[in-house]
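A structural walkthrough
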Amino acid sequence: MPDHSQVPPQTDKLADSPAFPDDIAVSGKVIDENGSGLPGVSILVKGTQLGTTTDQNGSYLLDVPNPDAILVFSFVGYISQETVVGNQTTIDISLKPDLKALEEVVVVGYGTQKKSDLTGSVVRANIEAFRESPNVNLAQSLQGTVPGLNIGQVTQAGQNPSISIRGRTTINGNQNVLLVVDGIIFTGNMSDLNPADIESVDVLKDPSSMAIYGAQAANGVILITTKGGQKATKPIFNYTGSYTTQTPSNTLHLLDRDGFIKKAGDVDWQKAFLAPDYTQPNPAFSYADVANDPPLRAGFENGTNYNWWDNTTNPGFIASHNLSVRGSGQEFSYFLSGGYTNQKGFVMNDKFKRITTRINIENKIFKWFRIGAQTFGSFSDYSGVSPALNGITIMSPLVQPTDAEGNYILNPNGTNNANPFLVAAADDFDKRNNLFGNFYANIDVPFVKGLSYRINYGHNYSWDRNYNSNPYANGAAGGAFKTNVHSYDWTLDNIVNYKKSFKEIHNVDVTLVAGRRERKYENTTATGTNYSNLRLIYNNLSLGTIQNIGSEAWDESYLYQTGRINYEFKYRYLLTATLRRDGFSGFAENKKTALFPSLGFGWVLSEENFMKVPAITMLKLRGSYGTNGNLVSRYASLARLNAYPAYVFGEGGSTEFGQLVTTLANPNLSWETTTGFNFGLDFSLLKNRLSGSVDYYRTTTNDLIFNVNIPEVTGFNQITSNVGNIANRGIELILNGKVADAGDFKWNATFNLASNRNRIVSLLGLDNDGDGVEDDLVASGLFIGQPIGAIYDYESAGIIQIGEEAPTGYFVGTHRIVDQNGDGFIDAQDRVIRGQNEPAYNFGLLNEFSYRNFTLRFFINSIQGGKNGYRALNMPSSLGIGDNIRRNNFWRELDYWTPANPDARYRGLDQGAATEYNYYDNRSFVRLQDVTLSYGLGQSVAGKLGLQGLKVFVSGKNLATLTKWVGWDPETGSGLATNGLPVMKGISVGLDVRF
């Protein structure tokens, strides 16, 4: 049974006209089979569009025209009821569940299925629980909520997070998850979608369920369904708005003047401190003794203390406004919306603005014929260039970016390090636009019950414009460019579906699909450099002394056919079989088409007589096996040409361009194929008080796309081929619990857990050393029997201290590298596997408490690495030697060696060793990711204000993170590097009103 407690209540009073003297005010409460109030129940005066919906407690208030009026009470998953008003002014209703309708329906690709009929691993994300969270991107509402779905963090305004499903299954192949919006493959970004327009998100995770999308599905599929018109309702207007603060969830600090001067003494500790232990300051030492750069020396003498980081950053914000209207008549339904998002990031010029519009309409021409359109436009503005952070974080506080007149100093520290603020002085125009439309017609074939035909015609057109000019570019000679990008793809799907029930024990659902898809892309860039002035910014590139033009374009097409049959016997035995044939223009000459089959079985144990146990509401075993593909790049199998200046006809003469073959053709290059099985158990216990599922899966990816080295006598050094395979396995768990249900107080909880492991089984199949074991590809960091993200590096035996003997090439204050093979030398043979990038497991915990009109939710997200997992390189990139380390600034949190700090993490600052030791930190964390407190106004009060519903809320994002990671954030892997960025936390206040 769906958990309606997480569905925002609609306290919508649909009647927009005032009550007349003869109207009868009717009120009451609608409850479910357990006596709990049902929010969102539709109440209509039969034969009219006059109606309302219940509030969070199930209460309603409605003015009806006369005593003969008939009220119709309806709610998804419950049997509708009708009652005559008569002389009643209070009408309480108890709705009975419709056991068949209560079954959750999920999108499975080219159709829908009841969750109870699934044989594969398909999960619907609970996006309702995160409606009030300040999420600019839809993917942020999915983060940590679906086991096996991995969503990365974002650190910039309007940024798209990384997305993966069930780990990594390829080395060099495409790693992008397939996005499908309203049945059409979507090539845009998640940031193009307005989260307020989304009705549901379903995730296909196992090879069987993904096989419906064949050669493009190996990395998983996310099916996004947008909102449509509500059944038989007058227009319902909905406004939501929120304002969110943006500050770093963690803070790092650059060294100030005093810290920078102290650091100089730590660099030259043999001068700045007294022997023999070098912990007592040398009173004769001064920073002026080691300040070799005149600007730094001048800043030391005049007391300069400039904070480069604080002048680059400021608290940001997110302002979001959405207005929509939805409804339907007898034959026509609609959903119209508009949204505006304005996000200012933490760093100067980090900005994102987005305007979205959506029109979803459907019209029933005849009882058997419907047409409709699902369209949206997204118009994003990323204009502005941020300062160069890797320059900001190394600039000394003893120098400033501007002179006394306020003009930028090109090289503040007197070296070739450019002023990092110069790039931010650009006049930058960066707008990205997307138009999407799916136009469809659906025919329920007359006289053949259960047979339907649907045609989808989808379009996706995007155009991006990035124009930029900067007087400080090219050594202050000035530069400008214009880049125009256009991409277009169209899809035509023909879908035939037949559903039939025989003798009420056999149920058949057959889907056939034949379709075609084409994608086109073009890009043109024009640049100009060396300008006498840039008053016309980028609008007259011809004024540049040097001009260049570049362009590119490509075209690719797909042809596919799919068949799927779902068979159900006595509601207890389930079978799903799918076969897809894919043709792709990018496939090699001898491999133009591919077949991707799958088979799934299900057994509903709870329908068997021997499992009629009172505590078991539902119990189902399922298993599936299938094959998916991962496309090669469109021209990977072809010999490619590059143009080059072949000959110059004398001094000042013209240049003749030639063509050079740069890659070898491979007419047998094929797609990567991922084959695997999935076993699952779905259960519901104690009258649905506890429900969930467990999945175990194992997949193997064969024919990996890899650039194989070949003898250069051929004229080439490599060829793209299919080699080796990777194994992937994991386990996933979902638990849903109704912890407490005591009248007005309810407590629901959801817990999910996922663990994934990948392993390289084979690579090139070579055994050059003759040891009987296949060789690793050490240069590529790939090792047989190890994960793709294995970390192969040197180990440290500790930092060499004062008084200890340092090996040749090493010094006091540097790490002593372990000689693994004991040959007396430190070389590449002394590297070992130290861990891996992949985590051991991750989990999420959502708690929801409701009391009367109050609702409190909080969500905890965690990724854990275990002993040697989920590790990332965490080295301060500003560490150097000689004058560079003397002039460079870095983070105060850098724990470096000095004689007074012998147990430090990082080496000393004065000298680098022959072989540097690298730190790989554990990124494990537990994060309080989302917290929301909301209050919904009661129906009676809202009605008096002329509203259908009103809700106010306060929410928090990334409020607390528990971790041992040193640096900005463990989830992004941003540590002490010079170009790192923090993850933002924020407090949001918002309003949700319906009228």
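These numbers were taken from a predicted model, which means no experiment stands behind them.

We now examine the domain arrangement of the protein. By domain assignment, the protein separates into domain 1 (24-94) and domain 2 (105-229). Relative placement of domain 1 and domain 2: their C-alpha centres are 36 Å apart.

We now examine a positive patch on the surface. A grouping of Arg698, Arg729, Arg757 and Arg759 is seen on the molecular surface, where their side chains present a positively charged patch. Position of Arg729 among the secondary structure elements: in strand S36 (residues 718-742).

Now for the UniProt feature "domain: TonB-dependent receptor plug" (unreviewed entry) in the protein. Following the UniProt record, the feature "domain: TonB-dependent receptor plug" (unreviewed entry) maps to residues 115-221 here. Here residues 115-221 is 4% helix and 21% strand, with 17 Å between the C-alpha atoms at its ends.

Looking at the element boundaries, Ile833 is found in strand S41 (residues 832-836). Judged by its relative accessible area of 34%, Ile833 falls in the partly exposed class. For the pair Ile833 and Asn507, spaced 326 residues apart in the sequence, the C-alpha separation amounts to 54 Å. Apart from residues lying up to four places away in sequence, Ile833 is in contact with Phe783, Gln786, Ala790, Ile791 and Tyr792.

Right, let's get into the packing of aromatic side chains. On inspection of all chains with the given rule, the structure shows 44 aromatic pairs. Taking 5.3 Å as the distance between ring centres and 85° as the angle between the ring planes, the aromatic pair formed by Trp309 and Trp891 counts as edge-to-face. Placement of Trp309 in the loop between helix H4 (294-302) and strand S20 (316-328) and of Trp891 in the loop between helix H7 (882-887) and strand S45 (920-922) is noted, with a sequence separation of 582 residues between them. For the pair formed by Trp309 and Trp891, the shared burial category is buried. Note on Phe584 and Phe587: the rings are 5.4 Å apart at their centroids and 90° apart in plane angle, and the pair reads as edge-to-face. The same class applies to Phe584 as to Phe587, namely buried. Above the plane of the ring of Trp554 lies Arg634, whose end atom (NZ or CZ) is 3.5 Å from the centre. The ring of Phe925 is capped by Arg927, whose NZ or CZ atom sits 4.9 Å from the centre of that ring.

Take the confidence of the model for the protein next. Averaged over the protein, the pLDDT score is 89; the fraction of residues at 70 or greater is 96%. Low pLDDT, under 50, characterises residues 1-21; the predicted model gives this stretch 70 contacts beyond four residues in sequence or across chains.

Turning our attention to the nonpolar core. Within the largest apolar cluster, 41 residues are counted, with the highest numbers of intra-cluster contacts made by Tyr287, Trp308, Trp309, Phe890 and Trp891. With three residues, helix H2 (residues 257-267) is the single largest residue contributor to this core. Sequence-distant contacts of Trp891, defined by excluding residues within four places in its chain, comprise Leu252, His253, Leu254, Trp309, Thr393, Trp968, Leu976 and Ala977. Residues Tyr110, Leu223, Ile495 and Ala636 belong to the second largest nonpolar core, which totals 32 residues.

In this fold, Ile261 is placed in helix H2. Once the C-alpha coordinates of Ile261 and Leu398 are considered, the two residues, 137 residues apart in sequence, prove to be 9.2 Å apart. Not counting residues within four places of it along the chain, the set of residues in contact with Ile261 comprises Tyr287 and Phe300.

What follows covers the sheet that holds strand S5 (residues 70-74). The strand order across the open sheet built from four strands is S3-S2-S5-S6, with neighbouring strands paired in antiparallel fashion. Where the open sheet ends on each side, the last strands, each with one partner, are strand S3 (51-53) and strand S6 (81-84). Each strand of the sheet is rotated relative to its neighbour by a mean of 20°, with strand direction disregarded. In this sheet, S3 lies alongside strand S2 (residues 42-45) in antiparallel orientation, the contact comprising three bridges. Counterpart to Leu44 in the pairing with S3 is Gly51.

Analysis parameters
- Residues numbered from 1 in each chain as written.
- Predicted model: local features only at pLDDT ≥ 70, side-chain atom pairs only at ≥ 80, totals over all residues.
- Heavy atoms only, no water.
- Domains from an automatic or database assignment.
- Patch = residues over 30% accessible without salt bridge, like charges linked within 9 Å, V, L, I, M, F, W, Y side chains within 5 Å.
- Areas by Shrake-Rupley, 256 points an atom, 1.4 Å probe, with all protein chains shown as cover.
- Salt bridge = Lys/Arg side-chain N within 4 Å of Asp/Glu carboxyl O.
- Lys, Arg positive; Asp, Glu negative; His and termini not counted.
- Charge placed at Lys NZ, Arg CZ, Asp CG, Glu CD.
- Helix = DSSP H or I, 4+ residues; strand = E, 2+ residues; numbered from the N terminus.
- UniProt positions renumbered as here; feature names shortened; annotations may be inferred.
- Buried < 20%, exposed > 50% of the residue type's maximum accessible area, 1.4 Å probe, protein only.
- Contact = heavy atoms within 4.5 Å.
- Phe/Tyr/Trp six-rings, centres within 6.5 Å; stacked < 30°, edge-to-face > 60°.
- Lys NZ or Arg CZ within 6 Å of the ring centre and 35° of its normal.
- pLDDT = per-residue confidence, 0-100.
- Core = buried A, V, L, I, M, F, W, Y, C linked by side-chain atoms within 4.5 Å.
- Pairing = 2+ DSSP bridges.
- Axes fitted to C-alpha atoms, helices over the stretch in contact; angles between N-to-C directions.

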